[in-house]
Structure formats: structure tokens, C-alpha cells
Amino acid sequence: MNQHCEEIKDLIRSFKEDEYFDFVNLHIHSKYSDGNADFDDIIRQARDLGFRKIAICDHNTVEGHKVYRDSILLPAVEFDCWYGYVFMHLLAYGIDVENPKLTKFMAKTKRGTDSDIVRIFARRNVKKLIDAIHQAGGIAVLAHPACCWALNLDKFVSKLIDIGLDGIEVYYPYRRHRKIFKFHTSEKVMEIADKYNLIKTGGTDCHTRNIL
């Protein structure tokens, strides 16, 4: 893992738990995938609201990050993939959005970024994906882990760590369908994060026009 990866880890470690949602939001979607807000409007809102850092994590695409750059913005993407029998979302933070190793994992069509039925059939080798994230200078984080349908979440996360997982999304509101399809507790997620000394991230998974 290169120096830039370590810098991203240190940056995220610097965020305090009580900063999440109001001053730090590392899980937002734009119109480049299945969100309802323009990419540049999200940045404007975050600045107006006094956010310290945000991450726009569109599904399987970094096209927005290729157009818009801002110091408040952490380059990111959310990948749809399967690991064994578990469908999961993998967040990548701090990546070089032009890195060719990572480019091959991006969606080839718009439907691959905003169509649930297309995304759920995506086949990405998770180990190779995590390796590509690291080669692109980023870190790999398991998104909304309480929704993973793994029978044993601890064991599932442990296997992901063996292939390079860096962090886990601990601060997450579990609203809408995520509240219904929730198989584990937030307390269990925190316990696992502490047990394995994982990077703790958080965000609202915002898809609306207004980020608050």
C-alpha cells in the first residue's frame, strides 16, 4: 500500500464521530448514478453548510470527479459486487480517478450506474477490485454492513480483511429500504470495526437534491 493510501486513512481517522452527517458526509450520490442532485450543486451546498469534507460515491462511475475538482471533495466511488453468496457495496476513497487499473471496473453504460437490476448482476472480482483501489492510491471500505446478508458478519468481514479491506462504514442512518433489509445491528458493526482496528467511515447515502 502506498503513502497516499496512508494519508487517506489518517484523514478519515481525523474525523470525529459527532462530525458525521452535519460536517462530514462520505456517502452521497449525484445524477451521475442514481441520485437526484447535480454534482456541482452538491459541492455548493456542502460549502454553504460549512461541511469539512464530503465524498460523492456514485455507483460504478467516477465521471463526475473527472469534471469537478474541489478541496472539500474526497474522490470516491461505490462498486456493486458479489463476494461468495453475498451481494455487497464496496466504497473506494481517495482514488486517482484516471487510474487505468480501476477504470476496467467501472460501468460501461449509464444503466450500470443507476439501474438496480443491472447493478445486482454485476460481476466484479472483489480481491482484484481491492487491489486496483490500492493501486489507484485509495482505500476500500465495506458500505452499510448491517445490510449484508452474511449469516456471520464477523467472519464475512474477516475474509474481506484477508484480501485487503481497509475500513467499514460505521456511521450510517439505515433509512428507507436499508431499515427494512437490515440483518445486523449497528452495535455489531462497531464491535467488528474495533475488533479488527478498521478505518471507520460514515455518511447518509443521500440520493436527494438537498444533502441535509
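Look above for the structure.
Let us look at the structure shown here. (Residues numbered from 1 in each chain as written. Predicted model: local features only at pLDDT ≥ 70, side-chain atom pairs only at ≥ 80, totals over all residues. Heavy atoms only, no water.)

### Details of the state of the cysteines
Okay, step 1: Evaluated as defined, the whole model comprises 0 disulfides.
Okay, step 2: Note on C57: no disulfide assigned, nearest cysteine sulfur contributed by C206 at a separation of 11 Å.
Okay, step 3: The exposure class of C57 is buried, given its relative accessible area of 0%.
Okay, step 4: Left without a disulfide partner, C81 is nearest to the cysteine sulfur of C148, which lies 9.5 Å away.
Okay, step 5: Of the residues examined, C81 reaches a relative accessible area of 0% and is grouped as buried. (Disulfide = S-S within 2.5 Å. Buried < 20%, exposed > 50% of the residue type's maximum accessible area, 1.4 Å probe, protein only.)

### As for helix α8 (residues 153-162)
One full turn of an α-helix is made of 3.6 residues, so residues set three or four places apart face in the same direction.
Okay, step 1: Those residues of α8 not exposed but buried are L153, D154, F156, V157 and L160. Down the axis of α8, the sector holding all buried residues measures 165°, keeping them to one side.
Okay, step 2: In the core, the buried residues of α8 are packed alongside β3 (76-83), β4 (86-93), α7 (126-135), β5 (139-142), β6 (167-171) and α10 (186-195).
Okay, step 3: Where α8 begins, one side-chain oxygen reaches toward the backbone nitrogen of D154, 3.2 Å away; that side chain belongs to N152. (Helix = DSSP H or I, 4+ residues; strand = E, 2+ residues; numbered from the N terminus. Arc of directions from axis to C-beta. Contact = heavy atoms within 4.5 Å. Polar contact = N/O pair within 3.5 Å; in protein donor to acceptor, adjacent residues only side chain to side chain.)

### Remarks on the sheet that holds β6
Okay, step 1: Taken in spatial order, the 5 strands make up an open sheet running β3-β4-β5-β6-β7, and their pairing is mixed. Two strands in the sheet have a free side with no partner beyond their single neighbour: β3 and β7 (199-202). Sheet twist, expressed as the average angle between the axes of neighbouring strands with direction ignored, equals 40°.
Okay, step 2: As judged from the 2 bridges shared by β5 and β6, these two strands associate in the parallel manner. If you follow V141 over to β6, its bridge partner there is G167.
Okay, step 3: Sitting on the sheet, α7 touches β3, β4 and β5, and the angle it makes with β3 is about 160°.
Okay, step 4: This element, α10, spans β6 and β7 of the sheet and lies at about 140° to β6. (Pairing = 2+ DSSP bridges. Axes fitted to C-alpha atoms, helices over the stretch in contact; angles between N-to-C directions.)

Function-wise, these values are silent; they only describe arrangement.
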